[in-house]
Amino acid sequence: MASSASVASRPKAVSRPKVRRRGPLTYVFRFVVVAYLVLLVAWPVSLIAKQTFADGFSTLSTAFGDEEVTAALGLTVRVAVVSVLINLVFGLGISLLLVRYRFPGRRLLSALIDVPLSVSPVVVGLSLVLVYGGRDGWFGPGLEDAGFQIIFATPGIIMATTFVALPLVIREVVPVLEEIGTDQEQAARSLGANAIQTFRRVTLPAIKWAVVYGVVLSLARSLGEFGAVKVVAGNVGGKTRTATLAVEHKYQQFGADNLASAYAIAFLLAAVAVACIVVVSFLRPDVSEKR
Amino acid sequence: MSIEVRGIEKRFGDFVALTDIDVHIPTGQLTALLGPSGGGKSTLLRIIAGLEDADAGTVEIEGVEATHLPPQRRNVGFVFQHYAAFKHLTVARNVAFGLEIRKRPKADIKAKVQELLELVHLEQFADRLPGQLSGGQRQRMALARALAIEPKVLLLDEPFGALDAKVRKELRDWLRRLHDEVHVTTVFVTHDQEEALEVADEIVVINDGRIEQIGPPDALYDTPANDFVMRFLGPVTQLGDHLVRPHDLVLSSSDPGRLDKGYVVEGTVQRITRVGFEVRVDVATADQVVLVTLTRTEMAGLGLVEGAPAWVRVVPGAPTVRAIGPPPDEQLLEALDA
């Protein structure tokens, strides 16, 4: 496979200089793009790292010594993992529904799925409070009487996080499902496979990379969510304060220690996000090759 | 024991894909569903396979009522136009798929896959991925995969449609030989009348959601039931109000006299085209241009040149069909009645 790919790309590589001529304008464009990215992204993020490691590793070790910080990180990881799992299961289900079935309201459903991308996370948080709020939400008081607290507790945080990351798996999987078509699935059926066997043996391997990509994106989004979580979490240190909330909280406190903790958590969040991007960019060429 | 299709109807929204289809497909034969694109032949095949549900009618496969059976329980092998290869599995695993689903012992699967790969001449490609095969090889793999489950019926949907002309011709011959070897009841869909005439034991001509004629290739060619079948199965020209094959016309350079008077038409040679061994002569008669094909030797004997007078008649016993225009639009007639 590798050899055939390199053979196929060779003529392209030869003809490339003819297509892209490097005039002075090319360099101007490059400079503008690089400057834009440095000023907006690279420099500010690198300052976080610089602040974190200003005193070597002592900032990180101090921060990790703080129980509040480790509790916040632990909560964020738990919330992110659970909401990624929920979004994975529902994302696959909704993707199959959207691509493989025709039903009234299908386009409306497809449009609804994009709502979490366009609506401000704060609005998401507020709307969840209106439905599940313990005092005067729609379901809230009833659920609270039954012993389930949602708002100002972990379930609420998970719901808010799941909400904002909802479209990511679906938007990765749907185009791939559309591209592979139904021929392979029908072939599997005619060879005796039932629906579950067909999905596991034929559909899932075909969409595997899209699913991985969607999960990585969801994970990055879930770890970094702030606005929606801020409204529903209650921000009680050690209980309902996630990592992003802890950054804000620590940063607003007085004292060099708190500031250092804020930098340390911010650095960790940024590092995980960068790691996600690296993973994804390694997967990307794989995706196009496998097809 | 056969495939019995009775009273099948299928609509897609307003579009009528099939109406009142009755077909009997005998066991062990190679049957072609032939017709123009969009005529409903693929839909019929997919209904037999269970990949599509009919709105009405029944399907019986080898004595088993199959109308409401899901595809995985019909025991049919299906081959798709675009191969439908499992891209992530090797050729051997593709062929083994149906057997693995049926949880056959590993050793049995291995032996069966080997046997099938030899049958389709792909044994040296067992460990390759489908993406590394040519189109013809992929389709042979798909055939082996369908045959692996020992289906009662093998259904092929335009199996050679995506291949280039030369490979298509080779695979066509190969399919015929394969069928003579394995004798599984086979139905294939094609829009290529030459493919159907060459390969099939029996041809079902389908047009506009209806069956036009069913019969062996020779019968269809020699005694077409109507002008559609006549036109679809070979070259035609019109003499008077009859359709006739251009090679069933006799050309003479002088008036043949009163014999067969009704079928003798006088005209002028308008154009002479030679294509290899065949000579095509356009004869302009009073109201139409008739195409006559003859061999080079026959043409030389006649000594006709462009502009010369010529007489055209039909060979006695040749199939002719009264030419009618397309059937009147029924909806339009209903609208006029109302």
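Further up the page is the structure itself.
All values derive from a computational prediction rather than experimental measurement.

**Digging into the overall build of chain A**
Then step 1. What chain A contains, in helices and strands, is 14 helices and zero strands.
Then step 2. When the helices and strands of chain A are listed from N to C terminus, the series reads α-α-α-α-α-α-α-α-α-α-α-α-α-α.
Then step 3. Burial statistics for chain A: of 291 residues in total, 33% are counted as buried.
Then step 4. Nonlocal contacts in chain A, meaning residues at least 24 apart in sequence, comprise 70% of its contacts between residues at least 6 apart.
Then step 5. Counting only carbon and sulfur atoms, one obtains 68% of the accessible surface of chain A, whose full area is about 16900 Å².

**So, the packing of helix α4 (residues 67–100) of chain A against helix α13 (residues 243–252) of chain A**
All names here are of chain A.
Then step 1. Running from N to C, α4 and α13 cross one another at 150°; their axes reach a closest spacing of 8 Å. By the angle between their axes, α4 is roughly antiparallel relative to α13. Contacts from E68, V69, A72, L73 and T76 in α4 reach A243, A246, H249 and K250 in α13.
Then step 2. Taken together, the residues of the contact of α4 with α13 break down into five nonpolar, two polar and two charged.

**A closer look at empty space enclosed by the protein**
Then step 1. In total, this model carries two cavities of 30 Å³ or more according to the counting rule given.
Then step 2. Roughly 50 Å³ of volume is contained in the largest cavity.
Then step 3. The wall of the largest cavity is formed by T76, V79, A80, I157, T161, S222, L223, E225, V229, T242 and T244 of chain A.
Then step 4. Sorting the residues of the lining of the largest cavity by element identifies α4, α9 (154–180) and α11 (195–224) of chain A as the ones contributing at least two each.
Then step 5. Looking at the lining of the largest cavity, the element that brings in the most residues is α4 of chain A, giving three residues.
Then step 6. Looking at the lining of the largest cavity residue by residue, the class counts come to five nonpolar, five polar and one charged.
Then step 7. Considering the residues around the second largest cavity, the lining is formed by L30, L154, L175, L178, H179, V182, V184 and T186 of chain B.
Then step 8. Partitioned by chemical class, the residues of the lining of the second largest cavity number six nonpolar, two polar and no charged.

**What to know about the sheet that holds strand β12 (residues 242–244) of chain B**
Residues and elements named next belong to chain B.
Then step 1. Taken in spatial order, the three strands of this open sheet run β11-β12-β18, and their pairing is antiparallel. In this open sheet, the two edge strands, each paired with only one partner strand, are β11 (237–239) and β18 (320–322). Neighbouring strand axes in the sheet, compared pairwise and without regard to direction, differ in orientation by 35° on average.
Then step 2. Judged from the three bridges that link them, β11 and β12 form a sheet pairing that is antiparallel. Counterpart to Q238 in the pairing with β12 is L243.

**Concerning a nonpolar patch on the surface**
Then step 1. A cluster of nonpolar side chains, V33, Y36, L37, L40, V41 and V45 of chain A, forms an exposed patch at the surface whose accessible area comes to about 570 Å².
Then step 2. Classification of Y36 of chain A by relative accessible area gives exposed; the value is 54%.

**Brief notes about the packing of α11 of chain A against helix α2 (residues 91–101) of chain B**
Then step 1. For the pair α11 of chain A and α2 of chain B, the least separation of the axes is 13 Å and the interaxial angle reads 150°. Taken as axis vectors, α11 of chain A and α2 of chain B run roughly antiparallel relative to one another. For the pair α11 of chain A and α2 of chain B, the sense of crossing is right-handed. Judged by residue contacts, Q197, R201 and V202 of chain A of α11 of chain A engage F97, E100 and I101 of chain B from α2 of chain B.

**As for the environment of A206 of chain A**
Residue and element names in this part refer to chain A.
Then step 1. With respect to the helices and strands, A206 occurs in helix α11.
Then step 2. Residue A206 is classed as partly exposed on the basis of its relative accessible area, which comes to 29%.
Then step 3. Setting aside chain neighbours within four positions, we find A206 in contact with V176 and I180.

**Details of the interface of chain B and chain A**
Then step 1. In this complex, chain B contributes 23 residues to the contact, which on the side of chain A involves 16 residues.
Then step 2. A salt bridge links E100 of chain B to R201 of chain A; its shortest N-O distance comes to 3.3 Å.
Then step 3. In this assembly, chain B and chain A are joined by five residue pairs in polar contact (both at pLDDT 80 or more).
Then step 4. Per-element tally for the side of chain B that touches chain A: the top contributor is α2 of chain B, with four residues.
Then step 5. Among the residues forming the side of chain B that touches chain A, the class breakdown is twelve nonpolar, five polar and six charged.

Conventions we followed
Residues numbered from 1 in each chain as written. Chains lettered and ligands numbered in written order. Predicted model: local features only at pLDDT ≥ 70, side-chain atom pairs only at ≥ 80, totals over all residues. Heavy atoms only, no water. Helix = DSSP H or I, 4+ residues; strand = E, 2+ residues; numbered from the N terminus. Buried < 20%, exposed > 50% of the residue type's maximum accessible area, 1.4 Å probe, protein only. Contact = heavy atoms within 4.5 Å. Areas by Shrake-Rupley, 256 points an atom, 1.4 Å probe, with all protein chains shown as cover. Axes fitted to C-alpha atoms, helices over the stretch in contact; angles between N-to-C directions. Parallel < 35°, antiparallel > 145°, perpendicular 65-115°, else oblique. Nonpolar A, V, L, I, M, F, W, Y, C, P; charged D, E, K, R; others polar. 1 Å grid on protein atoms, 1.4 Å probe; cavity = no way out; pocket = protein on both sides within 12 Å on 5 of 7 lines; lining within 4 Å. Points joined across faces, edges and corners; volume = space filled by probe spheres on them. Pairing = 2+ DSSP bridges. Patch = residues over 30% accessible without salt bridge, like charges linked within 9 Å, V, L, I, M, F, W, Y side chains within 5 Å. Salt bridge = Lys/Arg side-chain N within 4 Å of Asp/Glu carboxyl O. Left-handed = near helix turned anticlockwise from the far one by under 90°. Polar contact = N/O pair within 3.5 Å; in protein donor to acceptor, adjacent residues only side chain to side chain.

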